[in-house]
Amino acid sequence: MEKITEKLLLEKGSPKTNKLEQVKTLNLSKLGLKHQDLPVSLLSRLQSLERWDLSGNRLQELPRNLELPALRYLDLSDNQMEDVTTLESLKSLEELKMEDNLYITVSDNHKLMVLLPKLRIYNGKDVSTSANHLRFVYSENLKTRIIAVWEKSFSLPDPITAEKMTTLEVNFVSAACHLVKYGPSSVSDFTKWKVEILAKEYLRSLTEPKEEPEIKESTDTKENCDVSTPTKRKQPASEMDSSTSLTPRKKLRTDLPASPAQDSPRKASLRLKHQTLNEMHAVRMSPRKTGQPPSTPTRGQIKAETPKRGAKVRQTKEDGASIKQKEDVSKKELTRDPDMLATLKSCSKTQPVHLKPLHVLQCHSKQDSSEDFSTQLWACAFQSLPDSTGSGGGSRLVATCGGDSLCVIDCETGMVMKKYKVPGEEFFSLAWSTVLMSRGGKASAQHCSILAAGGKRGLVKLIHPRNNIAYGEFRASRKALSVLRFNHHQGNFLFTGSYDNKIVMWDIGGVDSQYNFKVVQLLMLEISATPLHICLPPSSPSSHLLTACEDGLHCYNTQLSTNNTTKSRSKEMEITFPIYKKEDEDHDYHIVDGMSFLTDDIVASKNYMHGSIYLWNWSRTKAQRPDKKSRAVCAVVLAELQWANTEIPYLSLNTCPGQAYIVCGDDKGRLWTYHVTNLQKNSFQSGKPIQPTEVLEWPTPVRKGLGQVEGPSINSVAMDPELQFLVALSDKNMVIVWKREVST
């Protein structure tokens, strides 16, 4: 009689339902099950199963080829497991329990970490760092030794026949397993197993044609990369004061008041016209872990490590002064895409939104001064996910950084929920992610939302805002950090861009209940200029990286596998734009200071001094064969959006894919908004830059006793996924929160 039936699965599963496809949790513990009692065809119907308890049975292995795409948690403790390779098909598994299995060895543990690419919690402990070391670094070292064995003693037969290749494979794999010695003897079984797999893969790679041979140069060594130091922006002599020392991304200002500190920055010193701002009553809290001293370099170190970013130059031309020239460029150069309408069907059918200003906050003031209108704010991002309890505030919480502080703000109330200060730091970038927190014992791991931030000192701060803890830091560069970006398909992978012209990929792992963590460097990209933005294509976030730099837009292969070096890579291609053909001594359009994906395949980017925003197709651009010498390909431009005419750099754009919106601020405090599904009905085929859906004017807040505040430059914007809130950061220490008006 069968032990496992559909009726039993429905009884033991939850939520209670009459369909196996809807079961999310299944408890089959202590039923005396053996592997032959598990029917693959029946269990494979559990397509929504996320948690499965098989503890206390007599399983020696699992059925092979068991497909459970949603399974995240599996408890196999107190069984008789021997063959762990039978778990290979459970690719989505994040947490596994294997305690009290007498025959499981250290080599078996290593095999599981390699076979299960998303495994992060093993027997209640965070193993993501050691697992990634085995998957990439350890495997790369083995492959190097395998190649050495091949080159010393083997070669392909001539002619190649199936019989000769079979004999060669047997001899080569046997020799590799015998000669390749690496790692401690306690894992020799794992090493031999992995060497056999890698040797077979390497032999196949010698005889099978490569899909993209033109990308081979991406594995060149760093000697072929241009590693120059950051250069100052060219300035008109009248605008530049040579005696002024500029920190990165800092611009000269001559119109700012110099007033002593008086009021607390938590009380709004600004109010909107006809509207009183809510006061910020949040109690000041230091997120640093109790007893954890700040890690602050000496003054000399800070000066040595602080690169000089060119000053932003105020422009005196009117907005429309050069629009005619841009239209001429678009007529001649712009490639129109007849498939644009079809491509944009992936955008949701949404309506244009109406936004009104809700709050203006000064929460990054120097010495808590309400008179500080000089601190520049650089980056903001909405919390990507709430904590596992679902009560983390979700998309209402936005993090902002600038000066020596980082704030977490509730957009609805205007309250600063958390504030984190690091004296001597100047934050330039931040990013949210979700990692697993292991809790030990029988408790399963939980997801927690963390924040990473970095800036002038080259350190990445790791913060768990919900528990008000800055649980760690690590040095990502000896120079300042310009940009941080997480891979949201693998939340423990963090990219940092720095002023020494490098992008580094880190595995920050997860944390345990005591906030212990470990950081490992996985990959380094040496680039030719300062990276300003990093984007990971939504369809391939683990294999490609786009970076907008001071000298253009570049694409890199970031696939972590034994077929690529994990030490350094040269660029796969440079993506060029039509405006480059109009460059002269006074106009350098290569600085790409804004970039974001609007859909899985459409990118919005802008070039400094261009006055327009390009929409271009990622997959069709990538499909082109790069020029052999320059590695350049032309962007497949879909449309051009009219933007402000300004010479102020680093005014970055952002997108809201769910609502099909693009937003970019200008140097007068305005927000240019583009609702793409609305635009595509009218103007994509016209050949001229498309006008914005709406330009939100600067809300002209009023300073107490001093009148209105003129519109500043909007350095950064962020939107929550539903576009209920829009947050803009200025170069005059103001966070402006806009709220969506409910249409009546």
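Treat the numbers as computed from the prediction; the structure is a model and nothing was measured.

The rules behind the values
Residues numbered from 1 in each chain as written. Predicted model: local features only at pLDDT ≥ 70, side-chain atom pairs only at ≥ 80, totals over all residues. Heavy atoms only, no water. Salt bridge = Lys/Arg side-chain N within 4 Å of Asp/Glu carboxyl O. Helix = DSSP H or I, 4+ residues; strand = E, 2+ residues; numbered from the N terminus. Buried < 20%, exposed > 50% of the residue type's maximum accessible area, 1.4 Å probe, protein only. Expected span 1.5 Å × (residues − 1). Contact = heavy atoms within 4.5 Å. Core = buried A, V, L, I, M, F, W, Y, C linked by side-chain atoms within 4.5 Å. Pairing = 2+ DSSP bridges. Phe/Tyr/Trp six-rings, centres within 6.5 Å; stacked < 30°, edge-to-face > 60°. Axes fitted to C-alpha atoms, helices over the stretch in contact; angles between N-to-C directions. Parallel < 35°, antiparallel > 145°, perpendicular 65-115°, else oblique. Nonpolar A, V, L, I, M, F, W, Y, C, P; charged D, E, K, R; others polar. Patch = residues over 30% accessible without salt bridge, like charges linked within 9 Å, V, L, I, M, F, W, Y side chains within 5 Å. Areas by Shrake-Rupley, 256 points an atom, 1.4 Å probe, with all protein chains shown as cover. Polar contact = N/O pair within 3.5 Å; in protein donor to acceptor, adjacent residues only side chain to side chain.

1. Quick look at the pattern of salt bridges
A complete count under the given rule lists 13 salt bridges for this structure. With a shortest N-O distance of 3.3 Å, Asp 189 and Lys 111 are connected by a salt bridge. Highlighted residues: Asp 189 in helix H6 (residues 188-207) and Lys 111 in helix H3 (residues 106-115), separated in sequence by 78 residues. The partly exposed category is assigned to Asp 189, whose relative accessible area is 42%. Residue Glu 196 pairs with Lys 200 through a salt bridge whose shortest N-O separation is 3.3 Å. Residue Glu 196 and its partner Lys 200 are located together in helix H6, separated by four residues, close to a single helical turn. Its relative accessible area of 27% is what places Lys 200 among the partly exposed residues. A cluster of three or more residues bridged by salt bridges with shared partners is formed by Glu 6, Glu 21 and Arg 45.

2. A word on H6
Between its first and last C-alpha atoms H6 spans 29 Å; for 20 residues at 1.5 Å apiece the expected length is 28 Å, and the two agree. The complete set of buried residues in H6 reads Phe 190, Thr 191, Trp 193, Lys 194, Val 195, Leu 198, Ala 199, Tyr 202 and Leu 203. On the buried face of H6, the contacting elements are H3, helix H4 (128-153) and helix H5 (162-179).

3. Here's the deal with the environment of Asn 492
Counting through the fold element by element, Asn 492 comes out in strand S19 (residues 490-498). Judged by its relative accessible area of 0%, Asn 492 falls in the buried class. Spatially, the C-alpha atom of Asn 492 lies 7.6 Å from that of Ser 433, the residues being 59 residues apart in sequence. Discounting chain neighbours no more than four positions away, the residues touching Asn 492 are Arg 120, Ser 128, Asn 132, Val 435, Trp 506, Asp 507, Ile 508 and Gly 509.

4. A closer look at the nonpolar core
One finds Trp 52, Leu 74, Leu 76 and Leu 96 to be the most contacted residues of the largest nonpolar core, which totals 62 residues. Listing elements by their share of this core, those giving two or more residues are helix H1 (6-12), helix H2 (40-43), H3, H4, H5 and H6. Filtering out sequence-adjacent residues up to four positions away, Leu 96 remains in contact with Leu 74, Leu 76, Leu 87, Leu 112, Leu 116, Leu 119, Ile 121, Tyr 122 and Asn 123. The next biggest cluster of nonpolar side chains, apart from the first, holds 30 residues, and it includes Met 573, Tyr 608, Trp 618 and Val 637.

5. Description of the sheet that holds strand S16 (residues 459-464)
Sheet architecture is open: five strands sit in the order S17-S16-S15-S14-S21, paired in mixed fashion. Strands at the two margins of the open sheet, each flanked by one partner only, are strand S17 (469-475) and strand S21 (511-512). In this sheet, S17 lies alongside S16 in antiparallel orientation, the contact comprising six bridges. Following the sheet pairing, Lys 461 is matched in S17 by Glu 473.

6. Regarding the packing of aromatic side chains
Scanning the entire structure with this criterion turns up 14 aromatic pairs. Site record: aromatic cluster; members linked through ring pairs are Tyr 138, Tyr 182, Phe 190 and Trp 193.

7. Brief notes about the sheet that holds strand S4 (residues 73-75)
Strand order across the open sheet formed by seven strands is S1-S2-S3-S4-S5-S6-S7, with mixed pairing between neighbours. Two strands in the sheet have a free side with no partner beyond their single neighbour: strand S1 (13-14) and strand S7 (125-126).

8. Observations concerning the packing of H3 against H4
Interhelical geometry of H3 versus H4 gives an angle of 80° and a closest axis separation of 9 Å. Here H3 is positioned roughly perpendicular relative to H4, judged by the angle of their axes. Here H3 contributes His 110, Met 113 and Val 114 to the contact with H4, which in turn contributes Ser 130, Ala 131, Leu 134 and Arg 135. Each residue belonging to the contact of H3 with H4 can be placed in one class, and the counts come to four nonpolar, two polar and one charged.

9. Quick look at a nonpolar patch on the surface
A grouping of Leu 156, Ile 160 and Leu 206 is seen on the molecular surface, where their side chains present a nonpolar patch of about 220 Å² in accessible area. Mapping Leu 156 onto the fold places it in the loop between H4 and H5. Residue Leu 156 is classed as partly exposed on the basis of its relative accessible area, which comes to 32%.

10. Comments concerning the side chain of Glu 425
Within the secondary structure layout, Glu 425 lies in the loop between strand S13 (415-421) and strand S14 (427-438). For Glu 425, the side chain forms a polar contact with the main-chain nitrogen of Lys 456, separated by 3.0 Å. Ignoring any residue separated from it by four or fewer positions in sequence, one finds Glu 425 in contact with Gly 403, Asp 404, Gly 455, Lys 456 and Arg 457.

11. A closer look at the environment of Cys 407
With respect to the element layout, Cys 407 can be found in strand S12 (residues 405-410). A relative accessible area of 0% means that Cys 407 is categorised as buried. As for Cys 407 and Met 417, which are separated by ten residues in sequence, their C-alpha atoms are 7.5 Å apart.

12. So, unusual backbone geometry
A cis amide bond links Ser 14 with the next residue in sequence, Pro 15, at an omega value of 0°. You can see Pro 15 is positioned in the loop between S1 and strand S2 (25-27). At the junction of Asp 158 and Pro 159, the peptide bond is cis and its omega measures out at 5° in the coordinates. One can find Pro 159 in the loop between H4 and H5. Unusually for a residue other than glycine, Asn 501 sits at a positive phi of about 65°. For Asn 501, the position within the fold is in the loop between S19 and strand S20 (502-507). Given the relative accessible area of 0%, Asn 501 is considered buried.

13. Notes on the environment of Phe 493
On the secondary structure map, Phe 493 appears in strand S19. By relative accessible area, Phe 493 is classed as buried at 3%. On a C-alpha basis, the gap between Phe 493 and Asp 507 in space is 4.7 Å, while along the polypeptide they are 14 residues apart. Filtering out sequence-adjacent residues up to four positions away, Phe 493 remains in contact with Asn 132, Phe 136, Arg 485, Phe 486, Asn 487, Met 505, Trp 506, Asp 507, Leu 522 and Leu 560.

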